[in-house]
Amino acid sequence: AQSVAQPEDQVNVAEGNPLTVKCTYSVSGNPYLFWYVQYPNRGLQFLLKYITGDNLVKGSYGFEAEFNKSQTSFHLKKPSALVSDSALYFCAVRDWGDKIIFGKGTRLHILP
Amino acid sequence: DAGITQSPRYKITETGRQVTLMCHQTWSHSYMFWYRQDLGHGLRLIYYSAAADITDKGEVSDGYVVSRSKTENFPLTLESATRSQTSVYFCASSERVGGWPNEQFFGPGTRLTVL
């Protein structure tokens, strides 16, 4: 079965520093991977996806993610964190029938 | 206004009552989904639908019923609400593009409290 794991419940980063939110995956077949963000009292918003091609995927709000097949990872990155990036981040993988399986989420705190 | 909407946004009910949560999307997406979000569990799939009149169970479907007579609507019914169904419920929709899985678009959520 497809699955993703987010090993950190919370990540704290100082404003202006680079940030990384970690995700590892386990799939049979080709991985289709996603990152979503959730701001307080809101639904999830799509950030980026990896389907095929370049291992570095660029997305919304200056975020990017690096697909690493040998390490089965899909870490979310941003070169310079903003306080407004503070939110809950979900990694996800496509399951059969176009369902998506979500990780448990990582809460990102950007400290001013 | 285009998008995906859910109603009500907040609902308080009592154990044993039937509750229906509504979801409406204006994109004519084929796929629609219902999730619940609970602390420590992330999002868990309750039901999904690949098209009108086609629905299937997700990970946590017990106690829930769905229907999809029209492409744009996907109501979720709790037949007899229990306290364990207190949660935030999200509806989402998606469409394949060129055969590739596309991202899901989420509604704002319904916060349900069962007393």
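As shown above, the structure is provided for reference.
Since the structure is predicted, the reported quantities are computational estimates derived from the model, not experimental observations.

> Please give an account of the overall build of chain B that cites residues and values.
Along chain B, the regular secondary structure elements total zero helices and eleven strands. Expected size for 115 residues packed as a compact globule is a radius of gyration near 13 Å; at 14 Å, chain B falls within 12% of this value. Summarising its shape, the C-alpha atoms of chain B cover approximately 45 × 30 × 25 Å along the three principal directions. Taking all 115 residues of chain B together, the buried fraction comes to 48%. Within chain B, residue pairs in contact and separated by at least 24 positions form 55% of the contacts whose partners lie at least 6 positions apart.

> Break down the state of the cysteines for me, with residues and values.
Among covalent bonds in proteins, the disulfide is the one between the sulfur atoms of two cysteines. Residue and element names in this part refer to chain A. Tallied over the full model, the rule gives two disulfides over all chains. There is a disulfide in this structure between C23 and C91, and the S-S distance comes to 1.9 Å. Negative torsions about the S-S bond denote left-handed disulfides, and the value of about -60 degrees found for C23 with C91 makes this one left-handed. Residue C23 is located in the loop between strand 3 (19–21) and strand 4 (24–26), and its partner C91 is located in strand 10 (residues 87–94); the two are separated by 68 residues in the primary sequence. Taken individually, C23 and C91 each receive the classification buried, so the pair is uniform in this respect.

> Residue-level account of the sheet that holds strand 3 (residues 19–25) of chain B, with values.
All names here are of chain B. Strands sit in the order 1-3-8-7 across an open sheet of four strands; the sheet is antiparallel. Edge positions in the open sheet fall to strand 1 (4–7) and strand 7 (64–66), since each of these has one partner strand only. Going from strand to strand, the sheet's axes swing by 20 degrees on average, the running direction of each strand aside.

> Run through the nonpolar core, naming residues and quoting values.
L19, W35, L47, L48, F74, L76 and Y89 of chain A are the most contacted members of the largest nonpolar core, which totals 27 residues. Those elements giving two or more residues to this core turn out to be strand 2 (10–14), strand 3, strand 5 (33–38), strand 6 (44–50), strand 8 (64–68), strand 9 (73–78), strand 10 and strand 12 (106–111) of chain A. Not counting residues up to four positions away in its chain, the partners in contact with L19 of chain A are V13, F63, L76, K77, K78, A81, D85, L108 and I110 of chain A. I4, M32, W34 and Y47 of chain B belong to the second-largest nonpolar core, a separate cluster that totals 19 residues.

What counts, and where the lines are drawn
Each chain has its residues counted from 1, running along the sequence as written. Here chains are named by letter from A upward and ligands by number from 1 upward, in the order in which they appear as written. Local features in this predicted model are restricted to residues whose pLDDT is 70 or higher, and side-chain atom pairs enter the listing and the counts only when it is 80 or higher, whereas totals over whole chains, interfaces and linings include all residues. Each side-chain value is worked out from all heavy atoms of the structure, with water and hydrogens disregarded. Numbering goes from the N terminus for both helices and strands, where a helix is a DSSP run of H or I of at least four residues and a strand is a run of E of at least two. We take the radius of gyration over the C-alpha atoms and set the globule estimate at 2.2 Å times the residue count to the 0.38 power. Buried, partly exposed and exposed residues are distinguished by accessible area as a fraction of the type maximum, computed with a 1.4 Å probe on protein chains only: under 20%, between the cut-offs, and over 50%, respectively. For this analysis, residues touch if any pair of their heavy atoms sits within 4.5 Å. Disulfides are defined as pairs of cysteine sulfur atoms found within 2.5 Å of each other. A pair of strands is treated as paired once DSSP finds two or more bridges between them. Each axis is a line fitted through C-alpha atoms, taken for helices only over the stretch in contact, and angles between the N-to-C directions span 0 to 180 degrees. Here, the term nonpolar core denotes a set of buried Ala, Val, Leu, Ile, Met, Phe, Trp, Tyr and Cys residues that are joined through side-chain atoms within 4.5 Å.

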